[in-house]
Amino acid sequence: MSAPAHDLPAARDLLGAIPTGLFIGGEWQPGSMGSTFPVTDPATGGTLVEIADASPEDGIRALDAAVAAQEAWAATPPRTRGEILRRAFDLLQERRDEFALLMTLEMGKPLAEASGEVTYGGEFLRWFSEEAVRISGRYATSPEGTGRMIVSQHPVGPCFLITPWNFPLAMATRKIAPALAAGCTVVIKPAALTPLTTLAFARLLEEAGLPAGVVNVVTTTGSGKLSAAILSDPRLRKLSFTGSTPVGQRLIEQSAQNVLRTSMELGGNAPFVVFEDADLDKAVDGALAAKFRNIGQACTAANRFIVHEAVADEFARRVTERVKGMRVGHGADEGVAIGPLIDADAVAKAAELVGDAVSRGAAVLTGGEAIPGAGSFFQPTVLSGVAAGSQILREEIFGPVLAIATFADEDEAIRLANDTEYGLVSYVFTRDLARGQRMIERLQTGMMGLNVGVVSNAAAPFGGVKQSGLGREGGFEGIHEYLSTKYTLTPDPFGA
């Protein structure tokens, strides 16, 4: 390209229209301290725009607005709440190109993948617009026949939503949509690395007719202090967080003070198991989707490729051939498959994990190094012969590195796959349906892809077990994270 992507006319116009303030009580406003911070393009290191840097006091003002709007929003008819979400869905489809380009600029993912995220993120708006009117309860006679039991569902109240940088739109819609459908107001804090998409989405919600104060957005570089202030306020009733396990653990501790409802979507270390009877063409396609989607920067990314020793060499050969053909560059450039990692720290981590694996005997089949020059790029990489004990088998990679280890039989594959404190998602490739069923039963993960490499769907419950989190997002289960159950006993209406 002759100019950085953010200097091109379409990008300049888009960035010039992005709100740069905090969104509190239906108004765009500067932070109370007047501070700002830059949002950068990871492909160039250049500044895209400066936005407001919220203080803890700003966070409390946002919570004030959510609390003030809570009663009226909870009393809003479910159909009305659903129609607002549906209008937001329609507006998002109309502006999908703008949102896709914005995500590519601030996060780096290829434009085609960013467009896919608009589709995925939008589905949460559509799904929960339909679920808003399906919140149900039950009515029953008590077993003794002396009264009537009424079980009803009610919004939990004001919620604090913390979203990560890697899926700026989908993680916002996955939390905001069920909260609004349930009748909850929210304060959302997007990651400082990629806040622009959330700001643009808040403006879209305004246009869709969302009342003032129902959604409030605070952007900040002081996440710890701002979050602590909000979490310590007794008016807050719910926390939903997507991010690393260590941060999630600290937030759970802080949430305990006021016994908050919590949803935690935390780290992953997904095994990708290929048996000797697998369709290798499908396994390779699945591997590329599970590993290199979002440049490997996804909690659902396959982290450990556990391949039967009889097919490991052929699997590695086929995967390597495909990975060698991946074009690296700015996500806005045509044909790019691998964009930049989010920052220099991510590049350094990928290099460290590869270096450790190689020092323990792994072979680099392609890639393996950072790419010098502007931006934070790392070569798409395939490693084979990764030894037990390698850091890359223990830690979440969050980069375009495919690491292959081998196994001899089914029991060993299960032992290796479950040998982690995480349990978000697993992938299994086999033609044996009975074996597939056994893997469903024995793998310790909250989700599983059987002969598929992508599992995420707005209509399905997303979440993990062990240190990968608590609760579920999406599906029928997703709205219940924002509802509380009330039981009422009434006398026998017949006076018996």
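No experiment lies behind these values; they were computed from the predicted model shown. Residue indices begin from 1 for each chain and proceed along its sequence in written order. Reporting in this predicted model follows two pLDDT cut-offs: at least 70 for local features of residues, and 80 or more for side-chain atom pairs to be given and counted; totals over whole chains, interfaces and linings ignore these cut-offs and use all residues. Derived side-chain values reflect all non-hydrogen atoms in the structure, with water molecules and hydrogen atoms excluded from consideration.

A. Spotlight on the packing of helix H3 (residues 78–94) against helix H5 (residues 111–131). Lines fitted to C-alpha atoms define the axes, with helix axes restricted to the stretch in contact, and inter-axis angles between N-to-C directions lie between 0 and 180 degrees. Put simply, DSSP H or I for four residues or longer makes a helix, DSSP E for two residues or longer makes a strand, and each gets a number counted from the N terminus. Taken N-terminus to C-terminus, the directions of H3 and H5 make an angle of 160 degrees; their axes are 7 Å apart at the nearest point. For the element pair H3 / H5, the angle class is roughly antiparallel. Relative to H5, H3 is oriented so that their crossing is left-handed. Counting all contacts with H3, which are made through Gly82, Leu85, Arg86, Ala88, Phe89, Leu92 and Gln93, the residues of H5 involved are Val118, Gly122, Glu123, Leu125, Arg126, Phe128 and Ser129. Classes in brief: Ala, Val, Leu, Ile, Met, Phe, Trp, Tyr, Cys and Pro nonpolar; Asp, Glu, Lys and Arg charged; the others, Gly included, polar. Residues that form the contact of H3 with H5 fall into these classes: seven nonpolar, four polar and three charged. Here the word oblique covers every angle except those under 35 degrees (roughly parallel), over 145 (roughly antiparallel) and from 65 to 115 (roughly perpendicular). Helix crossings get a hand from a simple test, with the near helix turned counterclockwise from the far one by less than a right angle marking a left-handed crossing and a clockwise turn marking a right-handed one. In this analysis, two residues are considered to be in contact whenever any of their non-hydrogen atoms come within 4.5 Å of each other.

B. Quick peek at the side chain of glutamate 265. Assignment of secondary structure puts glutamate 265 in strand E11 (residues 261–265). Polar contact criterion, stated in full: a pair of N or O atoms within 3.5 Å, where within protein one must be able to donate a hydrogen and the other to accept it, and residues adjacent in sequence count only if both atoms are side-chain atoms. Reaching out from glutamate 265, the side chain makes a polar contact with the side chain of arginine 174 at a distance of 3.1 Å.

C. Here's a closer look at the UniProt feature "domain: Aldehyde dehydrogenase" (unreviewed entry) in the protein. The sites that carry the UniProt feature "domain: Aldehyde dehydrogenase" (unreviewed entry) are, in the present numbering, residues 28–487. Strand forms 21% of residues 28–487 and helix 40%; the C-alpha atoms that close the span are 41 Å apart. UniProt positions are given in the numbering used here, feature names are shortened, and annotations may be inferred rather than shown by experiment.

D. The arrangement of the sheet that holds strand E5 (residues 138–141) in detail. Pairing in this open sheet of three strands is antiparallel, and the strands run E5-E6-E24 from one edge to the other. Both outer strands of the open sheet, E5 and strand E24 (483–491), are each paired with one neighbouring strand and no more. On average, each strand axis in the sheet is inclined to that of its neighbour by 20 degrees, with strand direction left out of account. When DSSP finds at least two bridges between two strands, those strands are taken to pair. By the bridge criterion, four bridges tie E5 to strand E6 (residues 147–155) in an arrangement that is antiparallel. Residue pairing in the sheet places tyrosine 139 in a bridge with isoleucine 150 of E6.

E. Layout of the packing of aromatic side chains. In this scheme Phe, Tyr and Trp rings, the latter by its six-membered ring, pair at centre separations within 6.5 Å, and the angle between planes marks the pair as stacked below 30 degrees, edge-to-face above 60, and tilted otherwise. Tallying each qualifying case throughout the model produces nine aromatic pairs. The interplanar angle of 35 degrees and the centroid separation of 5.8 Å between the aromatic rings of phenylalanine 272 and tyrosine 427 together place this pair among those described as tilted. Residue phenylalanine 272 is located in strand E12 (residues 270–274), and its partner tyrosine 427 is located in strand E20 (residues 425–429); the two are separated by 155 residues in the primary sequence. Looking at phenylalanine 272, the relative accessible area reads 0%, which means it is buried. Grouped by ring-pair contacts, the aromatic residues Phe272, Phe305, Phe315, Tyr427 and Phe429 constitute a single cluster. Working rule: Lys NZ or Arg CZ, within 6 Å of ring centre, within 35 degrees of ring normal, means a charge sits over the ring. Positioned over the ring face of phenylalanine 462 is arginine 174, at 4.0 Å from the centre of the ring. Just above the ring of tyrosine 482 sits the side chain of lysine 238; from NZ or CZ to the centre is 4.8 Å. For every residue, the accessible area (1.4 Å probe, protein chains only) is compared with the maximum for its type, and the residue is labelled buried under 20%, exposed over 50%, or partly exposed between those bounds.

F. Representation of the pattern of salt bridges. The salt bridge criterion pairs a side-chain nitrogen of Lys or Arg with a carboxyl oxygen of Asp or Glu, the two atoms within 4 Å. Here the structure, examined in full by the defined rule, presents 27 salt bridges. Aspartate 233 is the partner of arginine 235 in a salt bridge, and the nearest nitrogen-oxygen pair spans 3.0 Å. One salt bridge connects aspartate 419 with arginine 394, and the closest N-O pair in it is separated by 3.3 Å. Residue aspartate 419 is located in the loop between helix H14 (410–418) and strand E19 (422–423), and its partner arginine 394 is located in helix H13 (residues 391–394); the two are separated by 25 residues in the primary sequence. A relative accessible area of 40% places aspartate 419 in the partly exposed class.

G. Representation of the UniProt feature "active site" (unreviewed entry) in the protein in the model. In the UniProt entry, the feature "active site" (unreviewed entry) is given for Glu265. Not counting residues up to four positions away in its chain, the partners in contact with glutamate 265 are Arg174, Phe241, Thr242, Gly243, Cys299, Leu424, Phe462, Ser468 and Glu473.

H. Local environment of the sheet that holds strand E18 (residues 401–407). Taking strand neighbours across the sheet as the criterion, the seven strands line up as E14-E17-E18-E13-E12-E20-E21 in an open arrangement whose pairing is mixed. The outermost strands of the open sheet, each flanked by one partner alone, are strand E14 (363–366) and strand E21 (447–450). Direction aside, neighbouring strands of the sheet carry axes that sit 25 degrees apart on average. The strands touched by helix H11 (residues 312–324) within the sheet are E12, strand E13 (302–308), E14, strand E17 (381–384) and E18, with E14 carrying the most contacts at an inclination of about 45 degrees. Taken strand by strand, helix H15 (residues 433–442) contacts E12, E20 and E21, and its axis lies near 165 degrees from that of E21.

I. Representation of H11 in the model. Working rule for helices: expected span equals 1.5 Å times residues minus one. Counted at 1.5 Å a residue, the expected span for H11 with its 13 residues is 18 Å, and the 18 Å between its end C-alpha atoms agrees. Along H11, the residues that are buried comprise Ala312, Phe315, Ala316, Val319, Thr320 and Val323. Buried residues of H11, seen end-on, are gathered within an arc of 125 degrees and therefore sit on one face of the element. For H11, the exposed residues set more than 90 degrees away from the buried face come down to Asp313 and Glu321. The inward-facing, buried residues of H11 abut E12, helix H10 (280–292), E13, E14, E17 and E18. Picture the helix axis, draw a direction to every C-beta atom, and the arc is the one those directions span.

J. Structural view of unusual backbone geometry. Of note, valine 259 is a non-glycine position whose phi angle comes to about 50 degrees, a positive value. With respect to the element layout, valine 259 can be found in the loop between helix H9 (245–256) and E11. For valine 259, a relative accessible area of 64% corresponds to the exposed category. Of note in the backbone geometry, lysine 466 takes a positive phi value of approximately 55 degrees without being a glycine. Inspection of the secondary structure assignment puts lysine 466 in strand E22 (residues 465–466). Overall, the relative accessible area of 36% leaves lysine 466 in the partly exposed class.

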